[in-house]
Amino acid sequence: MHHDIKRHVNMKLSPKVITGALHAQNKGASDWGWQGLLSYGCQGFIVIVDPKTVQVLQVLAKHKGNVVKVKWAKENYHHDLGSPYSLRLASGDTNGVIIVWDVAAGIPKSEFSEGNKPIQDLEWLTYQDASHDLLVVLHPPYSLVLWNADTGTKLWKKSYTEPLLSFSFDPFNSKNVAFLGSDSIVFIEDFSVTKVPSSNGKKFYISSPSSTASSNLKTDGSTSNVDKRLSSKNLAERMSKILVGEGPSKKNSREESDQVALNDCIQLLHHQSCRHHLILVYTREILILDLEINQTVGIIPIERAGSPFVQIFSFRQRDVLLCLHENGSVTTRIRRKTNAITTPASEGHGAFDDSPPPVSMDVTYDLRCQSDGMRVTRHSRVSSLACCPVTEKSVALMVTDSRVVFWDMMLVDGGIQLETRSQLDKKPKFPVISDISPPNLSLSDMIGRLPVVNPDHPSVLKGRAVALKFMMTGLLNGVVSPISCLRACPPLTTKNWSMYEPLIAVGSSSGVIQIQNISSGLIAKEYSVHTGPVRGVEWCSLKSILSYSYQSPGPSGLVKNDLMFVDISTGKVKPVRTNRDQESPIEILRVSCLKQYFIVGFKDKPLELWDLQTLTMLRETGKSLPYPTALEWSPSHSLKSLKRKMMSQTGDKEGTQLTPAQGDKLGVSTTSLSEANESESKVNQKMTVKEHFVYTDSEGTLYHFVVEGTGFADASRVPAESGMGTITWIAWKGDFILFGDGEGQLSVWDLKSKTQRTMATRRGWIKKIRFAPGRGNMKFFIQYNDGFDVWDLKDGKAELLSSIKSPRDVAKVTDADWTGSDRPVLATADGCVQVFDLLLKSCSCGIEEREFPDEVANPYTLSPKGSLMMKYHLQNQPWNPEFTLKLEGLREGEQNLQTAVNKQIDLLDSDTLDYLPLCRFGVAERCLMLAKVFGDESDFLFWTVALYYLRAVKWGPKSQEEKDLMLGAEKERFIPATPPHKETNDLVMLDSPDEEGPDQEMWSLVDLPLERYLDTVCDNDSFKLYQLDRVALHDSKRVTYDHTKKCAENYIMLRETDRAVQLLLETEPDNDTYYTDCLRACLVASIRSSGVSQSTIKLVATNLIANGKIKEGVQLLCLIDKGLDACRYLQTYGAWDQAVWLAKATLADADCCEVMKRWVDHLCGTQVNQKSKALLVMLSLGQFSKVLEMLYGMRQFNRAACFSAALEEFGLLDQGQDNVSLVEAVYLEYARLLANLGLRAPAEYYCQRAGSKGNQFREEVRILFS
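Asker: Kindly report on the overall build of the protein chain, identifying the contributing residues and their values.
Answerer: Each helix and strand counted, the protein chain has 31 helices and 57 strands in total. Out of the 1266 residues in the protein chain, the part that is buried amounts to 57%. For the protein chain, contacts bridging at least 24 residues in sequence account for 56% of all contacts bridging at least 6. A total of about 52,600 Å² of accessible surface is found on the protein chain, and carbon and sulfur atoms cover 51% of it.

Dropping the structure here:
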């Protein structure tokens, strides 16, 4: 037990940093990774926080400048032992240094920079499978550099012509990047890993955000300043006009439009869940641009009394925007369903319910949830916001005063009943029916099935809609700043180890004193003690402190001194030395070694001796004595002989208990003894213990005093040494006294051999000298104005061990102390407390060397082997008769690993643990849940798509009749309004949810269509509906001829010929193409598929394509139902995206499948290298055997084994000979993988399933494990 506590205390004092207030340059430097951890920049440090337990896991220190960007590495690749789950983070500072960190170990993996250019923006590149180490960095004014972050090598550098501020990658097409310039937006469409982008990009200006209905992008040098005064079509736009203020809607002069964009746009980002959309954030409004028509299709104005926008997140799994405001409040805005042409808005869904239903197709977002704001002051402003990409419901807000606030979006408890399961009596083995509902792990689980409304809406109680609210789930505080002084508590001894905590007291310029636990790095207590700056703190015991403060003296040099006694165990603050007038400021406060007395020394006033137990003044020195410049109590005293005397005199225990030293060891604060006789008896008993102190005057003379009882005697004087200046500090330990002076000279007195040595440190004014604690430990530090040294006394000789200079190595040191025998702790001017090792080299350590009050639940903290074991164990356990959470059966040598893995499993969310054994859709659903637990983006995408298509193929409508039954009469209308189960991502369904027909049961096994962020992987029906919606939206926004022409062409390709004819006939007679358009209209209207005209048109189309007019040729082919040929031509000419769009929106399933397969081959090519995307496309085609084959070819054996298990459960596993042997091969390789990890039982099970080769390998496994 004794040993255990010792280890416990020592282990925790690893080098670390406790951070404080943020710098203005840290604004926006935060990131919440798929790994489940939050990182943010604080001064030159990077703080890593575990949001689940709200504790700091790690602080990374190496940057010399302030950190301006931090980005977690992406996890969108298949994880195995070769590329395990690991914590990688990239950070950049004001000096332009980029560091890639191994966060678990706390060390840099690589470090590089582009000269000394600062950093505007940085991003990990994620859209290809070849390498996970590529980092794109933007340096001012306009250089884009692609780095290999693992090796620190520069792959290419491109300099543009415009000053650029930030960039955003298109999540749907890796070639597209948008840059925010100082007065424009620059688009490039040729980004590639292998070569430098050749073009300088297209430059656009934003013209007139004031006439919001038509603010659009204007190409550089375009002259068409058409007056675009569209009458505002809906109330929201009219509102925003009023808010923004009417401006002339036509900007003729370039300068004026620059003015608009120049100071305003604070953020540019691609919409993460809708393709071709770009979001521009201004302080008063958010614009949503459609890049296909370069026009604003949506605008979110700020509410009338709303606080300005600071930062926006676009969510991926649902079409939701998260906005941070200047007052620290966070708002959630959810996309409104806009098929308003055929469906009248039902009550309460519109933002403005008093208006007639708007006929607008605009993209609108409704405010559905808002967190409380905070009090914004000069010292506490919003620095940045980070959001969890896995759940999309947890957010963290960094405030400049060091606070981190965590908010979670929760469902407001309505009367929502889960579907009753009474009709499901016949319990099939699959899907599993249980009364445990799937946990709401993410925002997309909470919303999407029902409309989202405001909390006071009546339908919430009826369970027909859901409402959201923000709950504060955590708050983290940092060091109070600026720090004025710091003092570590008395050291650990054999007598106090049972109750010892390694605390330090930190005083600040604001009068606040914080008690920090230096092992956990947490702020234990905080007291607002003084009104002025805390000038000094001393510990009186393990549980009490003395501190003093005064405001800066005026011309008289006199101040009001404030001396306080704080009892930490109770928080009681007691003023000492009350009712004093203006006097000389306190300069010295020293508590004696036995904690009986303390001395208060002034600048020019005699010093005072006080009794610490009763807090009464005993006496002050005579006026004749000079005032001290430095003072120190002697560590030697007559306590031992006194104890022996007392023991022999009275055998009674009470006497010994009252010796003050022991009282103090127990941390008993004796000031609370109110009865006079008790405290008197205490004083009487104390009288016999002598203590000594020494001090020096301005001349350098040393005075030695003996204190006994209530008085002191001047014992001796030693004249000043020659060569020493004014003594600024005295330190005394054992037989050695050290003196430091204002010129940087150090004098060592050896009392035993009565010798004295003086040496010059050549570092100037010595501010402080302190010996390290521990018997016989003669290390000491010296604090200078420009740095800090650690020395060791060997045989009376001082030797320099290590040294740091500020501000070169560390910010200016304001104060320092020892927290352990080899751990100096420094308070620096940047508001941080840093614990260093003895060599002063490092103030960080690995995560496993830190100790945390709460267990950290994160699989990434396990070893690479451990995290994979945990995942494979929980995904599927066919070798166990019953699913068990506990991992067992590891080798003897790996028991520690087994314990660690089981601990991580126990720490998982209880809802998740309850549901895992009973996943309704078996292995596939369990793998999807674990992908979220592990923050594995690649797994998450694979299993989301796999589960949807497994359910669709198994239970979806097979024939067109069934589909029509499901879609109802809606399909016939021109603009399709989609019913809830076909709607992808408008979260608010306008159909009232309680009109469910009897067929509802049949579809409950089929999921809602995939979210739009999966784009080309969505099923063709919902893809086509969405494309029709988009064309209708573009149609409603037409302003130029080119725009109308584009809409007409899209209608032709989507076979909406009537509307196409109408648009073609709108061409003005004075337009050059008037005649051509009239003829095209006639052609489109008159085409009926007669044989002769068909062949003529096909011939013309192929000629057009051969002569480079691809678009025109493709339209002709679409008119005569030769869509498949059109797609083939498009693919041949490299227009892959266009071909896929056409195939999914117009072709029959078989034809579409052929086009998509060609695309898959293209994606798997070495040039494109997007096999992971190809996998998803194959899943969407229902080609499950081919998917299995691809997984095997990509060596993703774990995923392949789980997928074949899922196919078996769904009854979709192809039993053909080829496929059976493929599955056996998969199982054999998976068995190898499991055996390598040391999992015997699963390895043997898969050997059994792997045919004859499996039996061979099973023998090997036996030998291996025996």
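We are not done yet, so read on.
Asker: Quick one: what's the story with the packing of helix α28 (residues 1197-1210) against helix α29 (residues 1217-1237), residue by residue and with numbers?
Answerer: Interaxial distance between α28 and α29 falls to 9 Å at its minimum, and their mutual angle equals 130°. If you check the angle between α28 and α29, you find them oblique. Like other packed secondary-structure pairs, α28 and α29 cross with a definite hand, here left-handed. Contacts between α28 and α29 involve F1197, N1198, A1200, A1201, S1204, A1205 and E1208 on the former and, on the latter, V1223, V1226, Y1227, E1229, Y1230 and L1233. Class assignment of the residues belonging to the contact of α28 with α29 gives a composition of nine nonpolar, two polar and two charged.

Asker: So what's going on with the pairing of strand β14 (residues 164-169)? Which residues, and what values?
Answerer: Among the six residues in β14, five count as buried, and that is most of the element. As paired elements, β14 and strand β15 (residues 177-181) share five bridges and run antiparallel to each other. Opposite F167, over in β15, you have F179 as the bridge partner.

Asker: Give me the sheet that holds strand β33 (residues 512-517): which residues, what numbers.
Answerer: On the basis of which strands lie adjacent, the open sheet formed by four strands has the order β31-β32-β33-β34 and antiparallel pairing. One side of each edge strand has no neighbouring strand; the edge strands of this open sheet are β31 (483-488) and β34 (522-528). Neighbour-to-neighbour, the strand axes of the sheet open up by a mean angle of 20°, direction not taken into account.

Asker: Tell me about the state of the cysteines, and please be specific about residues and values.
Answerer: Inspection of every chain in the model, using the stated rule, returns zero disulfides. Sulfur of C832: no disulfide; nearest cysteine sulfur belongs to C42 and is 4.8 Å away. Residue class for C832 comes out buried when judged on its relative accessible area of 0%. Of all cysteine sulfurs in the structure, the one in C1202 sits closest to C927, which takes part in no disulfide; the separation is 3.9 Å. Its relative accessible area of 0% is what places C927 among the buried residues.

Asker: Account for the packing of helix α14 (residues 937-955) against helix α26 (residues 1171-1180), with residues named and values stated.
Answerer: A pair of packed helices is characterised by two quantities: the angle between their axes and the separation of those axes. Put simply, α14 and α26 touch, their axes get as near as 9 Å, and they point 10° apart. In this view, α14 runs roughly parallel relative to α26, as classed from their interaxial angle. Across from L941, F942, V945, A946 and Y949 in α14, the residues of α26 making contact are L1175, L1176, L1179 and S1180. The residue inventory of the contact of α14 with α26, partitioned by class, reads eight nonpolar, one polar and no charged.

Thresholds, definitions, all that
- Residues numbered from 1 in each chain as written.
- Predicted model: local features only at pLDDT ≥ 70, side-chain atom pairs only at ≥ 80, totals over all residues.
- Heavy atoms only, no water.
- Helix = DSSP H or I, 4+ residues; strand = E, 2+ residues; numbered from the N terminus.
- Buried < 20%, exposed > 50% of the residue type's maximum accessible area, 1.4 Å probe, protein only.
- Contact = heavy atoms within 4.5 Å.
- Areas by Shrake-Rupley, 256 points an atom, 1.4 Å probe, with all protein chains shown as cover.
- Axes fitted to C-alpha atoms, helices over the stretch in contact; angles between N-to-C directions.
- Parallel < 35°, antiparallel > 145°, perpendicular 65-115°, else oblique.
- Left-handed = near helix turned anticlockwise from the far one by under 90°.
- Nonpolar A, V, L, I, M, F, W, Y, C, P; charged D, E, K, R; others polar.
- Pairing = 2+ DSSP bridges.
- Disulfide = S-S within 2.5 Å.

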